[in-house]
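Notes for the structure review
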Amino acid sequence: SQTIHQWPATLVQPVGSPLSLECTVEGTSNPNLYWYRQAAGRGLQLLFYSVGIGQISSEVPQNLSASRPQDRQFILSSKKLLLSDSGFYLCAWAGQGLDTQYFGPGTRLTVL
Amino acid sequence: AQSVTQLGSHVSVSEGALVLLRCNYSSSVPPYLFWYVQYPNQGLQLLLKYTSAATLVKGINGFEAEFKKSETSFHLTKPSAHMSDAAEYFCAVPLGSSASKIIFGSGTRLSIRP
């Protein structure tokens, strides 16, 4: 069966520091991968998605970037965090049938 | 463009009462419709998914949803609420013909009164 992992689970970072969040998927190959952000009391915002290694589409211009160095690995990064980057970051995957997205456990990021 | 609306940002019911969470989609019949549940500080878990195979869809934890084309609705119900049902619920719809990109509703927080 397929599983999706995210780490770290929680992170507290000062403004201006770098960020690296990692997401990995097991049990599937060539998935679509997604990064979403959920700000406090708000819905889900799609940040990036990837259909393959090295292929990244950005949905919202911002302070963040994404990379996919391996088929089942998706990384969210920032060179300098802003207060507004605080939120709950969710990674998701969709199989080749593209009929459902499945979500990871999330990373709670607090920027102080 | 396709969108989804969830009426009621917060719904409160008594334990044992009927749960009804509302979701309406905006335009043409979508290939899929989803309900996800999110417990505090956790990711989203798929509750159920509509495909064209059946209009009444049964999901996990005793939930079900009925697709009604005439009402452009996909409301989520459960006959008897349990304390463990307290969570945030999201309705979602694909932007196109696949779930490659999906749009989420703003969510409904369900509270259960003892």
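Cut-off values and rules
Residues numbered from 1 in each chain as written. Chains lettered and ligands numbered in written order. Predicted model: local features only at pLDDT ≥ 70, side-chain atom pairs only at ≥ 80, totals over all residues. Heavy atoms only, no water. Helix = DSSP H or I, 4+ residues; strand = E, 2+ residues; numbered from the N terminus. Rg over C-alpha atoms; globule rule 2.2 N^0.38 Å. Buried < 20%, exposed > 50% of the residue type's maximum accessible area, 1.4 Å probe, protein only. Contact = heavy atoms within 4.5 Å. Areas by Shrake-Rupley, 256 points an atom, 1.4 Å probe, with all protein chains shown as cover. Lys, Arg positive; Asp, Glu negative; His and termini not counted. Charge placed at Lys NZ, Arg CZ, Asp CG, Glu CD. Core = buried A, V, L, I, M, F, W, Y, C linked by side-chain atoms within 4.5 Å. Disulfide = S-S within 2.5 Å.

1. Thoughts on the overall build of chain A
Scanning chain A for helices and strands turns up zero helices and eleven strands. For chain A, whose C-alpha radius of gyration is 13 Å, the value lies close to the compact-globule estimate of 13 Å for 112 residues. Along the first, second and third principal axes, the C-alpha atoms of chain A reach 40 × 25 × 20 Å. Scored against the burial criterion, the 112 residues of chain A give a buried share of 47%. Taking as baseline every contact in chain A between residues at least 6 positions apart, the subset at least 24 positions apart corresponds to 54%. Put simply, chain A shows about 5,200 Å² of open surface, and 53% of that area lies on carbon and sulfur atoms. In chain A, 7 side chains carry a positive charge and 6 a negative one; their mean positions are 11 Å apart.

2. Quick look at unusual backbone geometry
In this model, tryptophan 7 of chain A is joined to proline 8 of chain A through a cis peptide bond whose omega is 0°. One can find proline 8 of chain A in the loop between strand 1 (3-7) and strand 2 (10-13). Positioned with a positive phi, leucine 98 of chain A is a non-glycine residue whose angle comes to about 50°. For leucine 98 of chain A, the location among the structural elements is in the loop between strand 9 (87-94) and strand 10 (102-103). Notably, asparagine 41 of chain B is not glycine yet its phi reads approximately 60°, a positive angle. Tracing the chain through its elements places asparagine 41 of chain B in the loop between strand 5 (33-38) and strand 6 (44-50).

3. Comments concerning the nonpolar core
In terms of nonpolar packing, the biggest core is built from 27 residues, with Trp35, Phe74, Leu76 and Tyr89 of chain B touching the most fellow members. Listed by contribution, the elements that provide at least two residues to this core are strand 2 (10-14), strand 3 (19-21), strand 5, strand 6, strand 8 (64-68), strand 9 (73-78), strand 10 (87-94) and strand 12 (108-113) of chain B. Looking at this core element by element, the count peaks at four residues for strand 10 of chain B. If near-sequence neighbours (up to four positions away) are discounted, tyrosine 89 of chain B is found in contact with Gln6, Leu21, Trp35, Tyr36, Val37, Leu47, Phe63, Leu76, Gly107, Thr108 and Leu110 of chain B. With 20 residues, the next largest nonpolar core counts Tyr36, Leu90 and Ala94 of chain A together with Phe34 of chain B among its residues.

4. A look at the state of the cysteines
Evaluated as defined, the whole model comprises two disulfides over all chains. The disulfide partner of cysteine 23 of chain A is cysteine 91 of chain A, and the gap between their sulfur atoms is 2.0 Å. Given an S-S torsion of about -75°, the disulfide between cysteine 23 of chain A and cysteine 91 of chain A has left-handed geometry. Of this pair, cysteine 23 of chain A sits in strand 3 (residues 19-26) while cysteine 91 of chain A sits in strand 9, and the two are 68 residues apart along the sequence. Of the two residues, cysteine 23 of chain A and cysteine 91 of chain A, both sit in the buried class. Covalently, cysteine 23 of chain B is tied to cysteine 91 of chain B through a disulfide, its sulfur atoms 1.9 Å apart. Disulfide cysteine 23 of chain B-cysteine 91 of chain B: torsion about the S-S bond near -60°, hence left-handed. Taken together, the residues cysteine 23 of chain B in the loop between strand 3 and strand 4 (24-25) and cysteine 91 of chain B in strand 10 connect sequence positions 68 residues apart.

Bear in mind that shape data such as this cannot, by itself, settle questions of function.
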